[in-house]
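Residue-level listing of the chains:
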Amino acid sequence: LASYSAVEFLEATHVTELLANLDNTVVTGVRVKDGNGTEAELLAHLVVDASGRNSKAPKWLESLGYEMPQETVVNSFLGYASRLYESLGNSASDYKAFYLMPKAPDCPRGGVLYQVEEGRWMVSLIGVGRDYPPTDEAGFSNFAQSLSSPEIYQAIKEGKSVSPIYGYRKTENCWRHYERLSRFPDNFMISGDAVCAFNPVYGQGMTVAALGALTLDACLKQQNQRRANVDLTGLAQRFQHQLAEVNRVPWVMATGEDFRWRTTEGKHPGFVTRLMHWYLDRVMQAASDSTEVYKVFIEVAHLLKPPTAFFQPSIVWQVLKSAVSRSSNSSSPTRRTVSPA
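Residues numbered from 1 in each chain as written. Predicted model: local features only at pLDDT ≥ 70, side-chain atom pairs only at ≥ 80, totals over all residues. Heavy atoms only, no water.

### Considering the sheet that holds strand β3 (residues 39-43)
Formally: Note on pairing: two strands pair once DSSP finds at least 2 bridges between them. Segments assigned H or I by DSSP are reported as helices when at least four residues long, segments assigned E as strands when at least two residues long, and all are numbered from the N terminus. Every axis corresponds to a line fitted to the C-alpha atoms, with the helix fit spanning only the stretch in contact, and the corresponding angles, defined between N-to-C directions, vary from 0 to 180 degrees.
Read from one edge of the open sheet, three strands run β1-β2-β3, paired in antiparallel fashion. In the strand order of this sheet, the two ends are held by β1 (13-20) and β3, each with one partner. Direction aside, the axes of adjacent strands within the sheet are offset by 30° on average. Where strand β2 (residues 27-34) meets β3, five bridges bridge the pair, whose relative direction is antiparallel. Bridging across to β3, K33 finds its partner in E39.

### Focus: the state of the cysteines
Going by this rule: Two cysteine sulfur atoms form a disulfide, by the criterion used here, when they sit within 2.5 Å.
Per the stated rule, a full pass over the model turns up zero disulfides. In this structure C196 is not part of a disulfide, and its nearest cysteine sulfur, from C174, lies 8.0 Å away.

### Examining the pattern of salt bridges
As a reminder, the rule being used: The salt bridge criterion pairs a side-chain nitrogen of Lys or Arg with a carboxyl oxygen of Asp or Glu, the two atoms within 4 Å. Only protein chains enter the area calculation, which uses a 1.4 Å probe; residues under 20% of their type maximum are buried, those over 50% are exposed, and those in between are partly exposed.
This structure, assessed with the given rule, holds 18 salt bridges. We note a salt bridge from R260 to E257, for which the minimum N-O separation is 3.0 Å. On the accessibility criterion, E257 (26% relative accessible area) is partly exposed. Here E299 ties to K305 by a salt bridge, and the two come within 3.0 Å at their closest N and O atoms. The exposure class of E299 is buried, given its relative accessible area of 14%. K305 gets classed as partly exposed once you look at its relative accessible area, which sits at 31%.

Function cannot be inferred from these measures alone, as they are strictly geometric.
In structure tokens:
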């Protein structure tokens, strides 16, 4: 991007407010302040806020006389503690990644280790329901030792760290409903986590942000077909409505999983969500036996297919067949099988 003459990066610079026309119906640019405290105005035909879950857009809109958006928050109170290692114990030598997932409702702790640049390793410990991993040396080690598998503890016990322990706990799902505002200024759009931020444990954020960028591209092309030159009237509000449709499926997926935890706060799920939990548990079981089910599961998890793909007749049949088979095996007497040499 930096090689394009039309692209310029302003580092160590903050946007402090939106600029608008006299009646505040059209955003005309932004006011910025650099590291030395020098302020400047940047004029623009279009301003896109992709500044993440800490976006100041609600306050900026309020200062222009608009309503602040309603927010929907679902919080499982998940937290991370992460550390960089130069090397790990021999037990990790064969791994590219090792992920020990928390499992609702009674196993709130987990962890992950994976290779990063320069032969180093990132190790993160995970806790749900305010069972946050500590950021002190002894606490971090004890938390790792408490996990259901000893792999991560053994790896860091014999490893060499090269960073402090960093904690992160702002992981709630938060949807700012800009699509519900009755009034919205032209030439201003909000995308990515600035609109809808997900619990990062599900790895959806960057994919949804990319889908939002594609949606913006499609909206701009539609606008160019409708209006000549750089007339963007009505584009911003139309984009926020279309972006809401993009966010809807991953939102249901993330919050539905978070509601498996009794400690999650937010609008409680109904019967349909609980039924989906039951069915998805059996999809996961079937995925260990069927490559077709596993492939569909991965495609849905990576937002390549909608969750309705789980209800294709061939998938439903394999899921139910697997569930019946497992139920029969669990109720049968234990048998000892001896294979001939």
